[in-house]
Amino acid sequence: MNFNLEEMPGRTSQPRDAGITMVMDKGLSLRETEDFLSVASGYVDLVKFGFGTAYVVPGIEKKIAAYKEAHIPVYFGGTLLEAFLVRGQLDEFRRGLEKFQITHVEVSDGALSIPHEEKCALIATLAKDYVVLSEVGSKDAEIIFAPYKWIQLMKDELAAGSWKVIAEARESGNVGIFRGTGEVRSGLVDEILTAIPAEKIIWEAPNKAQQVWFINLLGNNVNLGNIAYNEAIPLETLRLGLRADTFFNYLNPENMHYGHQEHKKPHK
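Remember, it's a predicted structure, so these values are computed and weren't measured experimentally. (Residues numbered from 1 in each chain as written. Predicted model: local features only at pLDDT ≥ 70, side-chain atom pairs only at ≥ 80, totals over all residues. Heavy atoms only, no water.)

1. What to know about a nonpolar patch on the surface
A surface patch of nonpolar side chains, about 260 Å² in accessible area, is lined by L5, M8 and L242. Its location among the elements puts M8 in the segment before strand 1 (21–25). (Patch = residues over 30% accessible without salt bridge, like charges linked within 9 Å, V, L, I, M, F, W, Y side chains within 5 Å. Areas by Shrake-Rupley, 256 points an atom, 1.4 Å probe, with all protein chains shown as cover. Salt bridge = Lys/Arg side-chain N within 4 Å of Asp/Glu carboxyl O. Helix = DSSP H or I, 4+ residues; strand = E, 2+ residues; numbered from the N terminus.)

Dropping the structure here:
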């Protein structure tokens, strides 16, 4: 760090199992990737090539190599796997994983309707060779799961072999665990957390207000995903109380010289 500040919150160190920041790469050029990594690699734990972008982005081998050099695992968006599944080309997808030496796989059914037993069987099969992240929740705003359904789906997928389950929100942050306005379905989140350990969930939270909400609820080492590449460092400052939104979260009021009377307690 560039300065010595007291009363800074602890952050997990890389490679992280908690406090994960997953960034979505929606088509960065190699130069943009290198520039991004030059400042943010220490704060990024996973990179997802969003939806089907890995199919169309040229020179993806060089981008994957750049991420690997920075010790950041990459994986393809679950929608790409769904595109292979609907065409009956799972073997071809796996050949692509081998070709690009990919270690992590996202399994989702956000666009394609897959019987859950089959999804869990796929997770179990892939988990033999890869680190699996499975996404729960639909990309269709009209499809709303009851909390008990979210919990059962997450439990089943973790039991099948998922390393983490991802709570769906899309890159827009207005479906799944969020309302169409982007507001968190707080009751749903609370219910999920009664049954699923927080460290096993990556919450898709592309918008700052959503990131702040989860940090206030679960602390600075909450797992957050679908972060824009240019928001990785701003998110880290939120985690460390270096933005107004979380400024007082980790300070001892007795040691404050100014401002403690304005302290707004975080959500709990």
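Okay, back to it.
2. Some points on the pattern of salt bridges
Under the definition given, this model contains 12 salt bridges. Across the salt bridge formed by E236 and R11, the nearest N and O atoms sit 2.9 Å from each other. On the criterion of sequence distance, the pair formed by E236 in helix 10 (residues 232–239) and R11 in the segment before strand 1 is long-range, its members being 225 residues apart. With its nearest N and O atoms 3.6 Å apart, the salt bridge here joins K48 to E204. Taken together, the positions of K48 in strand 2 (residues 46–49) and E204 in strand 7 (residues 201–204) put the pair 156 residues apart, joining distant regions of the chain.

3. A closer look at helix 3 (residues 60–69)
Burial in helix 3 covers these residues: I60, K63, I64, A66 and Y67. An end-on view of helix 3 places all buried positions within 155° of arc, on one side of the element. Exposed residues on helix 3 whose side chains face more than 90 degrees from its buried face are K62 and E69. Where helix 3 is buried, its residues touch strand 1, helix 1 (30–40), strand 2, helix 2 (53–56) and strand 3 (74–76). (Buried < 20%, exposed > 50% of the residue type's maximum accessible area, 1.4 Å probe, protein only. Arc of directions from axis to C-beta. Contact = heavy atoms within 4.5 Å.)

4. Digging into the packing of aromatic side chains
Counting across every chain of the model gives 11 aromatic pairs. With a centroid separation of 4.9 Å and 25° between ring planes, the pair formed by W203 and F214 is classed as stacked. Of the two residues, W203 is situated in strand 7 and F214 in helix 9 (residues 208–218); the sequence distance between them amounts to 11 residues. Put simply, the rings of F49, Y67, F76, F84, F93 and F100 touch in pairs and so form one group of aromatic residues. (Phe/Tyr/Trp six-rings, centres within 6.5 Å; stacked < 30°, edge-to-face > 60°.)

5. Details of helix 7 (residues 147–160)
Along its 14 residues, helix 7 runs 20 Å from first to last C-alpha, staying within 8% of the 20 Å computed at 1.5 Å per residue. All buried positions along helix 7 are accounted for by W150, I151, L153, M154, E157 and A160. Here the buried face of helix 7 lies against helix 6 (116–126), strand 5 (131–136), strand 6 (164–167), helix 8 (186–193) and strand 7. Two residues or fewer past helix 7, G161 is found with a positive phi of approximately 130°. (Expected span 1.5 Å × (residues − 1).)

6. Quick look at the sheet that holds strand 4 (residues 104–107)
Reading across the sheet, the eight strands line up as 3-2-1-8-7-6-5-4 and stay open at both edges, with parallel pairing between neighbours. The open sheet terminates on both sides in strands that have one partner only, identified here as strand 3 and strand 4. In this sheet, adjacent strand axes meet at a mean angle of 30° when their direction is disregarded. Taken together, the four bridges between strand 5 and strand 6 define a ladder with parallel strand orientation. (Pairing = 2+ DSSP bridges. Axes fitted to C-alpha atoms, helices over the stretch in contact; angles between N-to-C directions.)

7. Remarks on the pairing of strand 4
Burial along strand 4 is two-sided: H104 and E106 facing one way and V105 and V107 facing the other are all buried. Bridging between strand 4 and strand 5 involves four bridges; their strand directions are parallel. In the sheet register, V105 faces strand 5, and the bridge partner there is V132. A crossover links strand 4 with its parallel partner strand 5, the connecting element being helix 6, and its sense is right-handed. (Right-handed = clockwise from strand over helix to strand, strands pointing away.)

8. Considering the packing of helix 7 against helix 8
The N-to-C vectors of helix 7 and helix 8 enclose an angle of 40°; their axes lie 9 Å apart at closest approach. When the axes of helix 7 and helix 8 are compared, the pair comes out oblique. Of the two elements, helix 7 crosses helix 8, and the hand of that crossing is right-handed. The residues of helix 8 that touch helix 7, namely those facing P147, W150, I151 and M154, are L188, E191 and I192. Residue classes in the contact of helix 7 with helix 8 are distributed as six nonpolar, no polar and one charged. (Parallel < 35°, antiparallel > 145°, perpendicular 65-115°, else oblique. Left-handed = near helix turned anticlockwise from the far one by under 90°. Nonpolar A, V, L, I, M, F, W, Y, C, P; charged D, E, K, R; others polar.)

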